[in-house]
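Okay, here's what each chain looks like letter by letter:
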Protein chains: 2
Amino acid sequence: MKIKLTVEYDGTEYCGWQIQPNGITVQERLNQAVKAITGEDVTVTGSGRTDSGVHAQGQVAHFETASKIPAERFAPALNSALPSDVRVIKSEEVAGDFHARFCAKKKTYCYKMYLSETIRPLLDRYCAHLPYPVDLVSMKECAKLFVGTHDFSAFMASGSEVKDTVRTVYLSEVSCDSDVISFTVCGNGFLYNMVRIMAGTLVAVGMGNLTLSDVASAVEGGERSKVGKTMPARGLTLLSVDYD
Amino acid sequence: MKIKLTVEYDGTEYCGWQIQPNGITVQERLNQAVKAITGEDVTVTGSGRTDSGVHAQGQVAHFETASKIPAERFAPALNSALPSDVRVIKSEEVAGDFHARFCAKKKTYCYKMYLSETIRPLLDRYCAHLPYPVDLVSMKECAKLFVGTHDFSAFMASGSEVKDTVRTVYLSEVSCDSDVISFTVCGNGFLYNMVRIMAGTLVAVGMGNLTLSDVASAVEGGERSKVGKTMPARGLTLLSVDYD
């Protein structure tokens, strides 16, 4: 039986999703929880990695099991074996050809930032801190430039070995509630650090350090000098992963 | 010179506001920060205690100093000596007769709860978890019953030695955004655990375990059996303290 999991986690204490030699990861915790419940050694496969410190509201993962536990009972059972900062929100049986990564059609992320001279302890865990004023109107305009099918190579962290850097962004928008700016972006896939570099580009435009035409040229031509810095991990949350 | 501080803190890691022998408190951290900056041994006096695990967005405190540091520079100076979960949002000089506790005219609190079968890691730090459905309409009606001048003795934790249990509530309302219910209450003062017991009473009404007339009689007559349980600390945030 193949089980699909929808997982929420506070990434603050984790070295990201994917198992690695140094540091605890969310995937490792899920593998351990499945082992504790079923006795099986499984690999819980996610829709993609999230980096160290990145959060997820709707990460999707799958694993195979020979267990007789009904699919929908895996959520409470696994939760009893997980730390409280990782929770399986839903578990369901899926067809044998389902794959959390290869079948994913869309991912939606939200990047949050708060405007304040001072660190705000009640916002700082899930938002990046912007200690300077930014122009929201130009940030909203900038977000629109990301929509469409583009070569986003300028928005990829150096060191990534991905060859095909063309991605399609379906939705990209900036909103503001009190002092918190939210950048929501949905696409068919994202390059390494792409959302955090997009967020940094929005900030650079909001501060007047980049122009909208700089960004338009970066989206088309891939000029690395025309994008902003990679924003901190803690502002980023994977909201959802969509499948057919 | 007397300095008024507006302080935000994430109370998760603290044994409340007030200095105590066992465990670290916010007041202790502020006293230490003033000592680090001015060399003076001072007591930073708050508008009132917050309990272990309770958060504040706008706690107010004061202290006296002989330092020549301009009043408004205390905020950044103290922040350089504070842990990142406590921040002075504003520092200003006040008249010698200002007292953070005795001059406070109004306090506003927010109690947040989220509705979900499962713990939600991204909500759980600042909200209580309601794993059962509640009726929002009756909760909104219940909140209205708290408005006015009443003997709130039924809403005071046992063991408190306060004699005058009459308080005036100016605003009391329940709102809901996605799965998060917020109870906002403003009054001239609150008894020990009063807001958390009010929140528990709203939940009991929302679950059908108490009726609106039960609560109406508790507000008037002080019947302890007609109020709900004390809700967990982490859902409570002191939003602001108002002075003349």
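Before any of the text, the structure's been laid out above.
Every value quoted in this text rests on a predicted model; they were computed, and no experiment measured them. (Residues numbered from 1 in each chain as written. Chains lettered and ligands numbered in written order. Predicted model: local features only at pLDDT ≥ 70, side-chain atom pairs only at ≥ 80, totals over all residues. Heavy atoms only, no water.)

> Hey, could you go over the pairing of strand E10 (residues 236–242) of chain A for me, with residue numbers and the actual values?
All names here are of chain A. One ladder, built from two bridges, connects strand E3 (residues 55–64) with E10; its direction is parallel. Across the sheet, the residue bridging to His55 is Thr237, located in E10. Direction of pairing for strand E5 (residues 106–115) relative to E10: antiparallel, over a ladder of six bridges. Its bridge partner lying in E10, Lys107 is registered against Val241. (Pairing = 2+ DSSP bridges. Helix = DSSP H or I, 4+ residues; strand = E, 2+ residues; numbered from the N terminus.)

> Describe the relation of the copies chain B and chain A, and please don't skip the residues or the numbers.
The operation relating the pair of chain copies consists of a rotation about an axis and a translation along that axis. For these two chains of identical sequence, chain B goes onto chain A by a turn of 180° and a shift of 0.0 Å along the axis, with RMSD 0.0 Å. Taken together, the turn and the small shift mark the pair as related by a two-fold rotation axis. Relative to the rotation axis, the closest C-alpha in chain B is found at Arg125(B), a distance of 5.0 Å. Most of the interface of chain B is mirrored in chain A, where 100% of its interface residues are also at the interface. (Least-squares fit on C-alpha atoms with pLDDT ≥ 70 in both. Contact = heavy atoms within 4.5 Å.)

> Which residues make up the packing of aromatic side chains, and what values go with them?
Evaluated as defined, the whole model comprises 14 aromatic pairs over all chains. Taking the centre distance of 4.9 Å and the plane angle of 55° together, the rings of Phe98(A) and Tyr243(A) count as tilted. Here Phe98(A), found in the loop between strand E4 (86–94) and E5, pairs with Tyr243(A), found in the segment after E10; they are 145 residues apart in sequence, far enough to count as distant. By relative accessible area, which is 9% here, Phe98(A) ends up buried. The exposure class of Tyr243(A) is buried, given its relative accessible area of 17%. Ring geometry for Phe63(B) against Phe74(B): centres 5.5 Å apart, planes inclined by 75°, an arrangement best described as edge-to-face. On the criterion of sequence distance, the pair formed by Phe63(B) in strand E3 (residues 55–64) and Phe74(B) in helix H2 (residues 74–79) is long-range, its members being eleven residues apart. We classify Phe63(B) as buried; its relative accessible area is 0%. Residue classification places Phe74(B) among the buried residues on the basis of a relative accessible area of 0%. An aromatic cluster of three or more residues is present, and its members are Phe146(A), Phe152(A), Phe155(A) and Phe183(A). Sitting over the ring of Tyr170(A), Lys106(A) keeps its end group 5.5 Å from the ring centre. (Phe/Tyr/Trp six-rings, centres within 6.5 Å; stacked < 30°, edge-to-face > 60°. Buried < 20%, exposed > 50% of the residue type's maximum accessible area, 1.4 Å probe, protein only. Lys NZ or Arg CZ within 6 Å of the ring centre and 35° of its normal.)

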